[in-house]
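# Descriptive analysis of the structure
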Amino acid sequence: MSESNKPYILIVEDEAPLVTLLRYNLEKQGFRVEDAGDGGEALTRITEAAPDLLLLDWMLPTMSGIEVCRQLRRRPATRTLPIIMLTARAEDQDAVRGLDTGADDYITKPFSTEALIARIRALLRRSGSVPQKLKLSFHDISLDPASHRVIRNGRALHLGPTEFRLLEFFLRHPKRVFSREDVLNAVWGRDIHVEPRTVDVHIRRLRKAINGPGEMDVVRTVRAAGYALDYDESASTAA
Ligand code: CA
């Protein structure tokens, strides 16, 4: 996977061991990570290349995290940059002030990396800035848009380009029913003339590619309506 395809997170924190720990865990999750030890360096780096998300420590030398946040919110280019503040327990009241000055979320130290990663993913989804790069999953299937890998039950699936885009589209809107026209517009594009029946052909290929022996069919045909990524809960417990 190329580095530029990964969501970019800038960590602004002066505690080196914490930076090392965060970098290790975030890189393992497929993020590209840079760090800055103080507010001035952070502002310079952000001006050079805007991150997809900023992890901003409250207690920094020379300029506080709050001041960095305030400055970023004043600049048009970074007004909507997703920011998570890292605070210490004693500063809980201050954290609320942090949100007032424009941080999107905060997490109190000490925190688990799992909790932080969940916050990061939730914020990236809400902000809509990089959801196209995040891994998608449904039931036992996962798709990584950046590396183009699809995994079901631990085995790699090999999909044609159209089937890949179809699956990606459904994974972005699980359990929603789409008409053939909807699917055509989303996957093939509005400007291309394709027979709605073509969708059926590719759905058939997609099913063949993703459903192994004994595995549940996660593509539901909804009579007279279209298709959905869904499965029958009762069938899943019976299996
Ligand atoms: Ca600090």
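Residues numbered from 1 in each chain as written. Predicted model: local features only at pLDDT ≥ 70, side-chain atom pairs only at ≥ 80, totals over all residues. Heavy atoms only, no water.

### Re the confidence of the model for the chain
A low pLDDT score tells you not to read the predicted coordinates there in detail. Model confidence for the chain is summarised by a mean pLDDT of 87, while 89% of its residues fall at 70 or above. By mean pLDDT, helix H9 (residues 233-238) is the weakest element of the chain at 49, and strand E1 (residues 8-12) is the strongest at 97. (pLDDT = per-residue confidence, 0-100. Helix = DSSP H or I, 4+ residues; strand = E, 2+ residues; numbered from the N terminus.)

### Examining the coordination of the calcium ion
Taken together, the protein donors to the calcium ion comprise Glu13 (OE), Asp14 (OD), Asp57 (OD) and Met59 (O), at separations of 2.0 to 2.9 Å. The sequence motif formed by the donor residues of the calcium ion is E-D-x42-D-x1-M. (Donors = N, O, S within 2.8 Å, 3.2 Å for Na, K, Ca; no water.)

### Overview of the environment of Ala225
Position of Ala225 among the secondary structure elements: in the loop between strand E10 (219-222) and strand E11 (226-229). Taking the C-alpha atoms as reference points, Ala225 and Val177, separated by 48 residues in sequence, lie 7.3 Å from one another. Every residue in contact with Ala225, bar those within four places of it in the chain, is listed here: Val177, Phe178, Ser179 and Arg180. (Contact = heavy atoms within 4.5 Å.)

### Side note on the packing of aromatic side chains
For the structure shown, the criterion picks out four aromatic pairs. Taken together, Phe169, Phe170 and Phe178 form an aromatic cluster joined through their ring pairs. The ring of Tyr8 carries Arg32 above its face, with NZ or CZ at 4.1 Å from the centroid. The ring of Tyr231 is capped by Lys175, whose NZ or CZ atom sits 5.7 Å from the centre of that ring. (Phe/Tyr/Trp six-rings, centres within 6.5 Å; stacked < 30°, edge-to-face > 60°. Lys NZ or Arg CZ within 6 Å of the ring centre and 35° of its normal.)

### Overview of helix H2 (residues 39-48)
Along H2, the positions that sit buried rather than exposed are Gly39, Ala42, Leu43 and Ile46. Taken around the axis of H2, the buried residues stretch over an arc of 95°, which confines them to a single face. The N-capping residue of H2, defined by a side-chain oxygen 2.9 Å from the backbone nitrogen of Gly40, is Asp38. (Buried < 20%, exposed > 50% of the residue type's maximum accessible area, 1.4 Å probe, protein only. Arc of directions from axis to C-beta. Polar contact = N/O pair within 3.5 Å; in protein donor to acceptor, adjacent residues only side chain to side chain.)

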